[in-house]
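These are the residues of each chain, in order.
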Amino acid sequence: MSTVLITGATSGLGRYVAFELVRSGHVVLAHGRDARRTDRLVAELRTEGAAHGFVADLASLAEVRRLGDEVAAAHPGLDVLINNAGVGGGPPGSGREVGADGHELRLAVNYLAPVALTRVLLPVLRRNTPARIVNVGSAGQEPVDCDDPELTRGYNGVSAYCRSKFALAAHTFTLAEELRGTGVSVNVLHPATYMDTAMVREAGVTPWNTVADGASGVLALVTQDVGSGGYFDGTRPSRAHEGTYDREVQKRLTTVTDQLLAR
């Protein structure tokens, strides 16, 4: 059985996946932003199996890196990372927000945090092959403007969300190439459309699917060998936005990402 770190585990899809994994005998490392909610979740998970909690604000790169260091030190057997935590487009008409480092909030949490956390944990994952990285993306994808990645002009929350998920998909494909032959696979998926989550309800959208519908694809990528560098719609292989496969787009995005992470 695997040792699995799942970010954003205290509610929605992350919570459901955490319970499914712990009931299947996996060791679940549950991340949350709020200590009280994380502790409560871990207590519930421990009635089903082995679980441990970690607290960090993913809008802060320092906290993201601390999270990675703490997990690596406490659980050197980690072999699965699920980058699930995310911030939606926000309520209709809401304005631009920034995280602790001044980065646009959706970019920070949905993209920069998974990249930074993955980089910290890659040495551990490489030692525990076959290892898997599962990036929870979205079918909502919009090309990133590398001249204005923080969307300082003409801000729109939904656009910011879709750009962060475009970036996550493109990053997944770049990373898969880098990790070819290492025994570490990385895939990205759209779990389900408009699941019944706080993120969807906040946006004023009536849910179309349950979190159980979305969990199937995540669990398949955790437990099955499906290769690396893939994009999935639920459990079905699919195609991300065509721009995410463009090598020049990937190179420009990697350069911009490195610059943003260095700030």
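Residues numbered from 1 in each chain as written. Predicted model: local features only at pLDDT ≥ 70, side-chain atom pairs only at ≥ 80, totals over all residues. Heavy atoms only, no water.

(A) Spatial organisation of the overall build of the protein chain. Across its full length, the protein chain carries eight helices and eight strands. For the protein chain, whose C-alpha radius of gyration is 17 Å, the value lies close to the compact-globule estimate of 18 Å for 263 residues. Considered along the principal axes of its C-alpha atoms, the protein chain spans approximately 50 × 40 × 35 Å. When each of the 263 residues of the protein chain is scored for burial, the buried share is 53%. Taking all contacts inside the protein chain whose residues are at least 6 apart in sequence as the whole, residues at least 24 apart take part in 69%. In the form shown here, the protein chain has an accessible surface area of approximately 11300 Å², with 48% of it arising from carbon and sulfur atoms. Side-chain charges in the protein chain split into 26 positive and 29 negative, and the spacing between the mean points of these groups amounts to 2 Å. (Helix = DSSP H or I, 4+ residues; strand = E, 2+ residues; numbered from the N terminus. Rg over C-alpha atoms; globule rule 2.2 N^0.38 Å. Buried < 20%, exposed > 50% of the residue type's maximum accessible area, 1.4 Å probe, protein only. Contact = heavy atoms within 4.5 Å. Areas by Shrake-Rupley, 256 points an atom, 1.4 Å probe, with all protein chains shown as cover. Lys, Arg positive; Asp, Glu negative; His and termini not counted. Charge placed at Lys NZ, Arg CZ, Asp CG, Glu CD.)

(B) Focus on the pattern of salt bridges. Applying the stated criterion to the full structure yields 15 salt bridges. With its nearest N and O atoms 3.6 Å apart, the salt bridge here joins Glu 20 to Arg 23. Highlighted residues: Glu 20 and Arg 23, both in helix α1 (residues 12-23), separated by three residues, approximately one helical turn. Relative accessible area serves as the criterion here: at 48%, Arg 23 is assigned to the partly exposed category. For Asp 145, the salt bridge goes to Arg 153, with nearest N and O atoms at 3.8 Å. (Salt bridge = Lys/Arg side-chain N within 4 Å of Asp/Glu carboxyl O.)

(C) Examining the packing of aromatic side chains more closely. Tallied over the entire structure, the rule returns one aromatic pair. Pairing Phe 173 with Tyr 245 gives two aromatic rings, centres 4.6 Å apart and planes at 10 degrees, and the pair type is stacked. With Phe 173 in helix α5 (residues 157-178) and Tyr 245 in the loop between β8 (236-238) and α8 (247-262), this residue pair connects regions lying 72 residues apart in the sequence. By relative accessible area, Tyr 245 is classed as partly exposed at 23%. (Phe/Tyr/Trp six-rings, centres within 6.5 Å; stacked < 30°, edge-to-face > 60°.)

(D) Here's a closer look at the pairing of strand β3 (residues 51-55). Summarising the sheet, strand β2 (residues 27-32) and β3 pair through five bridges and their orientation is parallel. For His 31, the partnering residue across the bridge sits in β3 and is Phe 54. Taken together, β2, helix α2 (residues 35-45) and β3 constitute a β-α-β crossover, and its handedness is right-handed. (Pairing = 2+ DSSP bridges. Right-handed = clockwise from strand over helix to strand, strands pointing away.)

(E) Looking closely at the sheet that holds strand β6 (residues 184-190). Taken in spatial order, the eight strands of this open sheet run β3-β2-β1-β4-β5-β6-β7-β8, and their pairing is mixed. Either end of the sheet is taken by a strand with one partner, and the two such strands are β3 and β8. Pairwise comparison of adjacent strand axes, ignoring direction, gives a mean angle of 25 degrees for this sheet. One ladder, built from four bridges, connects strand β1 (residues 3-6) with β2; its direction is parallel. Within β2, the residue paired with Leu 5 across the bridge is Leu 29. Contacts from α5 reach β5 (131-136), β6 and β7 (231-233), with the element oriented near 155 degrees to β6. (Axes fitted to C-alpha atoms, helices over the stretch in contact; angles between N-to-C directions.)

(F) Region of interest: helix α7 (residues 211-223). When the terminal C-alpha atoms of α7 are compared, their 18 Å separation across 13 residues agrees well with the 18 Å that a helix rising 1.5 Å per residue should span. Along α7, the positions that sit buried rather than exposed are Val 211, Gly 214, Ala 215, Gly 217, Val 218, Leu 219, Ala 220, Leu 221 and Val 222. Elements in contact with the buried residues of α7: α1, β4 (80-83), β5, β6 and β7. (Expected span 1.5 Å × (residues − 1).)

(G) A look at the packing of helix α4 (residues 105-127) against α8. Here α4 crosses α8 at 85 degrees, and the two axes come no closer than 11 Å. Between α4 and α8, the crossing angle belongs to the class labelled roughly perpendicular. Each of Leu 107, Tyr 111, Leu 112, Val 115, Ala 116 and Arg 119 in α4 lies in contact with α8, whose residues at this interface are Leu 253, Thr 257, Asp 258, Leu 260 and Leu 261. Here the residues of the contact of α4 with α8 are counted per class, giving eight nonpolar, one polar and two charged. (Parallel < 35°, antiparallel > 145°, perpendicular 65-115°, else oblique. Nonpolar A, V, L, I, M, F, W, Y, C, P; charged D, E, K, R; others polar.)

These figures capture arrangement, not role.
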